[in-house]
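Spelled out, the chains give:
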Amino acid sequence: MNTPRLTVATAWLDGCSGCHMSLLDMDQRLIELSERIDIVYSPLVDAKALPERVDVGLLEGSISNADDLALARRFREHCRVLVSLGDCAVNGNVPAMRNHFPLEQVLARAYRENVTLQPQLPERGVPALRQRVVPIHGEVAVDVFVPGCPPSAEAIWQVLTALLEGRDPDPSAVTRFGA
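Residues numbered from 1 in each chain as written. Predicted model: local features only at pLDDT ≥ 70, side-chain atom pairs only at ≥ 80, totals over all residues. Heavy atoms only, no water.

- Going by what an unreviewed UniProt entry lists, the protein is known as NADP oxidoreductase and is assigned to Marichromatium bheemlicum.
- Turning to the protein, the UniProt record has this under Cofactor (unreviewed entry): "[3Fe-4S] cluster". (UniProt positions renumbered as here; feature names shortened; annotations may be inferred.)

## Some words on the pairing of strand E5 (residues 79-85)
- With six of seven residues buried, E5 lies mostly within the body of the structure.
- In terms of strand pairing, strand E3 (residues 54-60) meets E5 through six bridges, oriented parallel. Residue pairing across strands places Leu58 opposite Val83, the latter belonging to E5.
- Alignment of E5 against strand E7 (residues 144-146), held across three bridges, turns out to be parallel. Pairing of Ser84 across the sheet is with Phe145, part of E7. (Buried < 20%, exposed > 50% of the residue type's maximum accessible area, 1.4 Å probe, protein only. Helix = DSSP H or I, 4+ residues; strand = E, 2+ residues; numbered from the N terminus. Pairing = 2+ DSSP bridges.)

## Some details on helix H5 (residues 103-113)
- Taken together, the buried positions of H5 are occupied by Leu103, Val106 and Ala108.
- Check the buried side of H5 and you find it contacts strand E6 (129-134). (Contact = heavy atoms within 4.5 Å.)

## A closer look at the sheet that holds E3
- A sheet is described by the order of its strands in space; here five strands give the open sequence E2-E1-E3-E5-E7, paired in parallel fashion. On the outer flanks of this sheet lie strand E2 (37-41) and E7, each paired with one strand and no other. Going from strand to strand, the sheet's axes swing by 25° on average, the running direction of each strand aside.
- Helix-sheet contacts for helix H3 (residues 66-78) involve strand E1 (6-12), E2, E3 and E5, and the interaxial angle to E5 is about 135°. (Axes fitted to C-alpha atoms, helices over the stretch in contact; angles between N-to-C directions.)

## Let's talk about unusual backbone geometry
- Of note, the amide linkage connecting Cys149 to Pro150 takes the cis form, showing an omega dihedral of -10°.
- Examined against the element boundaries, Pro150 turns out to sit in the loop between E7 and helix H6 (153-164).
- Of note, the phi angle at Ser17 is positive, near 70°, even though the residue is not glycine.
- Mapped onto the secondary structure, Ser17 falls in the loop between E1 and helix H1 (18-24).
- Since its relative accessible area comes to 14%, Ser17 is described here as buried.
- Unlike most non-glycine residues, Asp27 shows phi in positive territory, near 50°.
- Within the secondary structure, Asp27 is located in the loop between H1 and helix H2 (29-34).

Set out below in structure tokens:
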């Protein structure tokens, strides 16, 4: 019997990529997953374009700049199920700490005050920062929230296997905020 395979896309926005490291921490379960899913877009594979239709999108990180927002919108448009993966995606976490300060002060501190050679604001090759950092659901609808910094490999496994089995994932059974 030929079991249908899920297509999965992953990306990270503003964050540390720790959630992708947890995905890789599934160790030998990755082999089992590879028999049941196709990763069609991810920093972990060589695909350059997000396909038109994807079953599951895993997004980690918060929305901090114009590129983050554009990618989150593309994932929502193309993914049947969008998973907000990790505390940065779920609540903004560390990247959102800058929200307590005006953006101009943040930029001045990072690019002028703490620089000894050629202090200047970057103008090329750097996406425009938004005034405020927001979690993914602050801009696009999210179907599944998986907290954790990073979420454990077990939590990611449970979410993916539930989706593979046609069930609604219950990340709260294997996660808790901040752990």
